Amino acid sequence: MNRDAIVEKTVLYVKETLQQQEGSHDWLHIERVWKNAVKIGTAEHADLFVVELAALLHDIADHKYHGGDETVGPRVASEWLLGLGVDRAVVQHVSQIIADLSFKGAHTKTEMKSIEGKVVQDADRLDAIGAIGIARAFAYGGSKGQAIYDLEIPPRLHASFNEYKQAKTTSVNHFYEKLLLLKDWMNTEMGKKLAQERHRFMEQFLQQLQTECDVEFVQPER
Ligand code: NI
């Protein structure tokens, strides 16, 4: 099978698999990440085949929806690609990127090992910030029954993946625990540039939200 056919088949597979997924991690999230990853990957002269496959499969079995098990995603992706006869080295690279990609808490940042990984991570992070990041934060929080904000629950910078997974939080806290940190974590030039504007928009949004609700959100202790 040629590369285009593999990508095409993977698109259909991911669309089908994520059909029931709520708005923060649905096919449209994957599609945006895929497109931005190709854009950034082109500028970075990355291997676009690896970039596209990793972007398409990065949330195929996210630990957030699989009882916290972060080994499922890379395994499902590998099985899919091996089934299509994709080269073992490519499969290995793609599943490594997926394994390293997921956010594990503010103090447990994962360094991506290849330029392809850095590209996909930037594309995924871009979709977590700006207007779309705001929309996704509330969609995800809503799906988990979280409050929009609750001044009794302070935001926390989580020291471990377990702490991050188990903590009770709110959608607004998620900005302070993750989303506002992302602009300084971008890997590529294009990623950094695109993140600036999105970051400013989130700050404006939080300002406006505090004014309208007549509250002051608590900042996390560092
Ligand atoms: Ni994602």
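Quick summary incoming for the structure in this document. Since the structure is predicted, the reported quantities are computational estimates derived from the model, not experimental observations. (Residues numbered from 1 in each chain as written. Predicted model: local features only at pLDDT ≥ 70, side-chain atom pairs only at ≥ 80, totals over all residues. Heavy atoms only, no water.)

## Quick notes on helix H5 (residues 88–101)
Turn by turn, an α-helix covers 3.6 residues, leaving residues three or four places apart pointing in a common direction.
Piece 1. Counted at 1.5 Å a residue, the expected span for H5 with its 14 residues is 20 Å, and the 20 Å between its end C-alpha atoms agrees.
Piece 2. At its buried positions, H5 is contacted by helix H3 (48–57), helix H4 (72–83) and helix H6 (115–126). (Helix = DSSP H or I, 4+ residues; strand = E, 2+ residues; numbered from the N terminus. Expected span 1.5 Å × (residues − 1). Contact = heavy atoms within 4.5 Å.)

## What about the packing of aromatic side chains?
Piece 1. In the structure shown here, the tally under the stated rule is 6 aromatic pairs.
Piece 2. With a centroid separation of 6.0 Å and an interplanar angle of 40°, the aromatic rings of Phe138 and Phe175 are classed as tilted. Note that Phe138 is positioned in helix H7 (residues 130–143) and Phe175 in helix H9 (residues 171–177), a separation of 37 residues in sequence.
Piece 3. Its relative accessible area of 23% is what places Phe138 among the partly exposed residues.
Piece 4. Note on Phe175: relative accessible area 0%, which makes it buried.
Piece 5. Seen from their ring centres, Phe138 and Phe205 are 6.0 Å apart, and the 65° between their planes marks the pair as edge-to-face. Here Phe205 lies in helix H10 (residues 189–213) and Phe138 lies in helix H7, a separation of 67 residues in the sequence.
Piece 6. Using a relative accessible area of 25% as the deciding quantity, one classes Phe205 as partly exposed. (Phe/Tyr/Trp six-rings, centres within 6.5 Å; stacked < 30°, edge-to-face > 60°. Buried < 20%, exposed > 50% of the residue type's maximum accessible area, 1.4 Å probe, protein only.)

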